[in-house]
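# Overview (structure and organization)
The chain contents come next:
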Amino acid sequence: CGASWDGSEHRWVHKPHHYAAIHFHDDDLYDCGWEVDASLALPDDLPSGIYAAKLTQGPHESYAPFFVRPPRDRATAPLALLISTASYSAYANWHTATEWDFMELILGGFTVVDPAARYLHEHPELGASMYDSHTDGSGVCYSSRLRPVINMQPKTWLWQFSADTHLTAWLADRGLPYDVITDEDLHEEGVTLLERYRCVMTGTHPEYYTQAMLDAVQAYKQRGGRLVYTGANGFYWKVAAHPDLPGVLEVRRAEDGMRGWLAEPGEYYHSFTGELGGLWRRNGVAPQAVAGTGFTAQGFDHATYYRRRPESEDPRAAFLFEGVGRDERIGDFGVVGGGAAGWEIDRADAALGTPRHALVVARADTFGASYHWVTEESTHTHSAVNGDTNPLVRCDMVFFETPGGGAVFSTSSICWCGALHHNGGDNNVSRITENALRRFLDPTPFPEPPTDP
């Protein structure tokens, strides 16, 4: 806001003369502008997937991941894995472990700092993430991939990129061919890109979405597409991509939500597009209206398991549980938190957009006091905000049909993919995921959904 801003207008495009200031920071970084020292020519027949260039210097190693998409005019597999590059960018070079005292505040334990976090603390010139603050205390609302990104590579903390590699390794082990497409591809090409695929699968944490991305996913669902959401806290923050500059995103932490900083008054609208920022829920589209479930709580000391519900025996969804006993604990194991349900979790809620014909086929609800209910749902009464007191702190596994023979399956937990490889992949988390994918890849249409009252 400029010196003329008086609070009478919050959208800068309506009164641009009220917005005549520039906020400079000493730690902004868009593009390093480095000259090219080496390049790699990829073979024309290189399969779509995630790759990385390994860089070594003495005993040290680092990786530069890159994504190989299929040819721009066609799919090479019936399944698309939608890589959450917008969310990777939001978390790029976050200083959480060293500057938030993250472990003490959230885990209640000793701080464990991995080499990436330590390097970022010692080298602030690489820029910060959208979760950090500038040195003057203002929030970081822009992030770019055109710089060294230290924490989005193999062998880093199991969050975002590293957590998603559990899924890609499992797909390879199961012999399920897939194409890799990214958020940037989705933003640029829209539903046309998704319609090439019988099924689209997310990773563990597709949190940040532009308007174009969300519109494409919603249109795909309405046109008979099948969506498998193997994460949580997805479709949560609205972001904007610059219309001309590649590789940069903007977020505005407006009004509420689980956030690391607060947007200043008068600065809730994106500078790139003029759109209102903040939560998608505050923009009229709660995550439940996208994948059937939406962010309800987070906690980072342990994960837990699901139990099947009576709806799991409904003929519409019984295929999900073939080979899974009625009383089995689902996912009481995993490398992320020790279980398949945890860290960040979603719930179904018809009032927020979960279709009324959706089936909650399994639920995890044994969360303790370390799991905190999302702030956007808290009012002046705060007596029941934790997992040991609040029934809304739960993790719902959901299935429902969509028009045109499509369907959606949501596991609603960031920890889900970390349990896929337990016991060499011979486990109920792996079995349910494979059951879902094989049916979703089957061209047989799902029944048309009933009309919600």
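What comes next concerns the included structure. Here the residue numbers are simple positions, counted from 1 along each chain's written sequence. Local features in this predicted model are restricted to residues of pLDDT 70 or higher, and side-chain atom pairs are both shown and tallied only at a pLDDT of 80 or more, whereas totals for entire chains, interfaces and linings draw on every residue. Working from all heavy atoms in the structure, the side-chain values ignore hydrogens and water.

Here we come to the pattern of salt bridges. Close approach of charged atoms allows side chains with opposite charge to pair. Within this document, salt bridges are pairs made up of a side-chain nitrogen of Lys or Arg and a carboxyl oxygen of Asp or Glu, the two lying within 4 Å of each other. Scanning all chains against the criterion turns up 21 salt bridges. Close ionic contact of Arg69 with Glu189 constitutes a salt bridge, the shortest N to O distance being 2.6 Å. Placement of Arg69 in the loop between strand S2 (60-68) and strand S3 (79-83) and of Glu189 in helix H6 (residues 183-189) is noted, with a sequence separation of 120 residues between them. Where Arg316 meets Glu401, a salt bridge forms, and the shortest distance between an N and an O atom there is 2.7 Å. Remark: Glu401 occurs in strand S17 (residues 395-402) and Arg316 occurs in the loop between strand S12 (306-308) and strand S13 (329-330); sequence separation between them is 85 residues. When a residue's accessible area, from a 1.4 Å probe over protein chains only, is under 20% of the maximum for its type it is buried; when over 50% it is exposed; and in between it is partly exposed. The class of Arg316 is partly exposed, set by a relative accessible area of 27%. Residue classification places Glu401 among the buried positions, given a relative accessible area of 4%. One salt-bridge network, in which partners are shared between bridges, spans Arg69, Arg72, Asp185 and Glu189. Counting from the N terminus, the helices are the DSSP runs of H or I reaching at least four residues and the strands are the DSSP runs of E reaching at least two.

Moving on to the sheet that holds strand S14 (residues 341-347). Following DSSP output, two strands are said to pair if at least two bridges run between them. The three strands are arranged S14-S11-S16 in an open sheet whose pairing can be described as antiparallel. A strand with exactly one partner marks an edge of an open sheet, and here the two such strands are S14 and strand S16 (372-373). In this structure, strand S11 (residues 294-304) lies alongside S16, joined through two bridges in antiparallel fashion. The partner of Ala297 across the bridge, within S16, is Trp373.

Inspection of the secondary structure assignment puts Met201 in strand S6 (residues 199-202). Taking relative accessible area as the criterion, Met201 reaches 0% and is therefore assigned buried. Here the alpha-carbon distance between Met201 and Ile83, two residues 118 residues apart in the chain, equals 8.9 Å. In this view, Met201 contacts Leu79, Ala80, Leu81, Leu82, Leu167, Leu171, Val228, Thr230, Thr433 and Leu437; residues no more than four positions away in its chain are not counted. Any two residues having at least one pair of non-hydrogen atoms within 4.5 Å are treated as being in contact.

Glancing now at helix H10 (residues 428-441). Taking 1.5 Å of rise per residue, 14 residues should cover 20 Å, and H10 covers 20 Å from first to last C-alpha, within 8% of that figure. Along H10, 12 of the 14 residues are buried, which leaves the element largely enclosed by surrounding structure. Listed as buried for H10 are Asn428, Val429, Ser430, Ile432, Thr433, Glu434, Asn435, Ala436, Leu437, Arg439, Phe440 and Leu441. The opening residue of H10, the one whose side-chain oxygen lies 3.0 Å from the backbone nitrogen of Val429, is Asn427. Every helix has an expected span of 1.5 Å times one less than the residues it contains. The definition of a polar contact used here is a pair of N or O atoms within 3.5 Å, where within protein one atom must be able to donate a hydrogen and the other to accept one, and adjacent residues in sequence count solely through side-chain atom pairs.

So, on to the side chain of Glu377. Topologically, Glu377 is positioned in the loop between S16 and S17. Polar side-chain contacts of Glu377 include one of 2.8 Å to the side chain of Arg281.

Our next topic: helix H5 (residues 161-173). The end-to-end C-alpha distance of H5, which contains 13 residues, comes to 19 Å, matching closely the 18 Å that a straight helix rising 1.5 Å per residue would cover. The set of residues buried in H5 consists of Phe161, Ser162, Ala163, Asp164, His166, Leu167, Thr168, Trp170 and Leu171. The inward-facing, buried residues of H5 abut strand S1 (49-57), S2, S3, helix H1 (85-90), S6 and H10.

All right, on to the pairing of strand S8 (residues 226-229) then. Residues Arg226 and Val228 point to one face of S8 and Leu227 and Tyr229 to the other, with burial holding for every one of them. Where S6 meets S8, three bridges bridge the pair, whose relative direction is parallel. Bridge pairing links Val200 to Leu227 in S8. Where S8 lies against strand S18 (residues 406-410), four bridges are found, and the strand directions are parallel. The residue bridging Leu227 from the neighbouring strand is Val408, located in S18.

What follows covers the side chain of Ser89. Looking at the secondary structure, you find Ser89 in helix H1. Look past the residues within four positions of Ser89 in its chain and what remains in contact with it is Ser143, Ser144, Arg145 and Leu249.

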